[in-house]
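Chain residues, written in single-letter form:
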Amino acid sequence: FLYLGSLSDKKGSSGPEIRRRIKKAAGIFRRLWRVWAMKGLPLKLKGHLYSAFVHSVLLYNSEVWTITETEMKALVGRNGYLMRRLIGEAMRSADDKRLTESQLLEMLGLESIQSLTRKRKLQMGGSLCEKGRRGSHVEEDGARGWRREK
């Protein structure tokens, strides 16, 4: 079912939402094919655009996901596939092997999916801690209440 823009199943798993995000990101990537096909754009610029348009859709709301190892592999795999299409399959490493994920990330100036999801979770945790610190719990005349610190 869809709740607050996020898809979930009866068990509260993030799997359906992750699959949905992978499909949406692939759709955005396809819509921008003319941009990716431009020969004059530097790879780093394409990487910035890819991050802004594709990663933002792929990882939307990922800070609240419970990600299994299989789901992380799906995210990383789809990201690698799209990055390979972005730079063109013709590009190979010096020994004529397929480029690794780390080589692709370096060429495009991007961070790994694992790193991005970890950062998002940490940022959300930091925000929650900061909000918790702003309001402190006090007792007044035996009644419990909340007040905002100045």
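The structure this text deals with has already been given above.
Cut-off values and rules
Residues numbered from 1 in each chain as written. Predicted model: local features only at pLDDT ≥ 70, side-chain atom pairs only at ≥ 80, totals over all residues. Heavy atoms only, no water. Helix = DSSP H or I, 4+ residues; strand = E, 2+ residues; numbered from the N terminus. Buried < 20%, exposed > 50% of the residue type's maximum accessible area, 1.4 Å probe, protein only. Contact = heavy atoms within 4.5 Å. Areas by Shrake-Rupley, 256 points an atom, 1.4 Å probe, with all protein chains shown as cover. Axes fitted to C-alpha atoms, helices over the stretch in contact; angles between N-to-C directions. Parallel < 35°, antiparallel > 145°, perpendicular 65-115°, else oblique. Nonpolar A, V, L, I, M, F, W, Y, C, P; charged D, E, K, R; others polar. Phe/Tyr/Trp six-rings, centres within 6.5 Å; stacked < 30°, edge-to-face > 60°. Lys NZ or Arg CZ within 6 Å of the ring centre and 35° of its normal. Core = buried A, V, L, I, M, F, W, Y, C linked by side-chain atoms within 4.5 Å.

Our focus in this paragraph is the overall build of the chain. For the chain, the helix and strand inventory stands at six helices and four strands. Counting over 150 residues, the chain shows a buried share of 33%. A separation of at least 24 residues holds for 56% of the contacts in the chain among residues at least 6 apart in sequence. For the chain, the computed accessible surface area is about 10300 Å², with 55% contributed by carbon and sulfur atoms.

What follows concerns the packing of helix α1 (residues 15-31) against helix α4 (residues 69-87). The relative placement of two packed helices is expressed as an angle between their axes plus a distance between the axes. Axis separation between α1 and α4 bottoms out at 10 Å; the angle between their running directions is 5 degrees. As far as their axial angle goes, α4 and α1 are roughly parallel. Contacts between α1 and α4 involve Gly15, Ile18, Ile22, Ala26 and Phe29 on the former and, on the latter, Glu71, Ala74, Leu75, Arg78, Leu82, Arg85 and Leu86. Tallied by class, the residues present in the contact of α1 with α4 amount to eight nonpolar, one polar and three charged.

Within a pair of aromatic rings, the relevant descriptors are the distance that separates the centres and the angle that separates the planes. Overall, the coordinates contain four aromatic pairs when judged by the stated rule. Their ring planes at 25 degrees and their centres at 5.5 Å tell us that Phe29 and Trp36 sit as a pair that is stacked. A relative accessible area of 0% places Phe29 in the buried class. Look at Phe29 and Tyr50: their rings are 6.3 Å apart centre to centre, the planes differ by 80 degrees, and that puts the pair in the edge-to-face class. Here the residue Phe29 occupies a position in helix α1, and Tyr50 occupies one in helix α3 (residues 43-58), the gap between them amounting to 21 residues. Accessibility classification places Phe29 together with Tyr50 in one group, the buried group. Among the aromatic residues, those joined into a cluster by ring pairs are Phe29, Trp33, Trp36 and Tyr50. Arg85 extends its terminal NZ or CZ atom over the ring of Trp33, reaching a point 5.2 Å from the ring centre.

Moving on, we come to the nonpolar core. The biggest cluster of nonpolar side chains holds 25 residues, and the ones touching the most others in it are Phe29, Tyr50, Val54, Leu58, Leu75, Met83 and Ile113. Mapped onto this core, the elements with two or more residues apiece are α1, α3, α4, α5 (101-108) and α6 (113-134). Looking at this core, the element that brings in the most residues is α4, giving seven residues. Setting aside chain neighbours within four positions, we find Leu75 in contact with Ile18, Ile22, Leu58, Trp65 and Ile113.

Here we take up the environment of Arg20. Tracing the sequence through the fold places Arg20 in helix α1. A relative accessible area of 23% places Arg20 in the partly exposed class. Separated by 38 residues in the primary sequence, Arg20 and Leu58 have C-alpha atoms spaced 8.8 Å apart.

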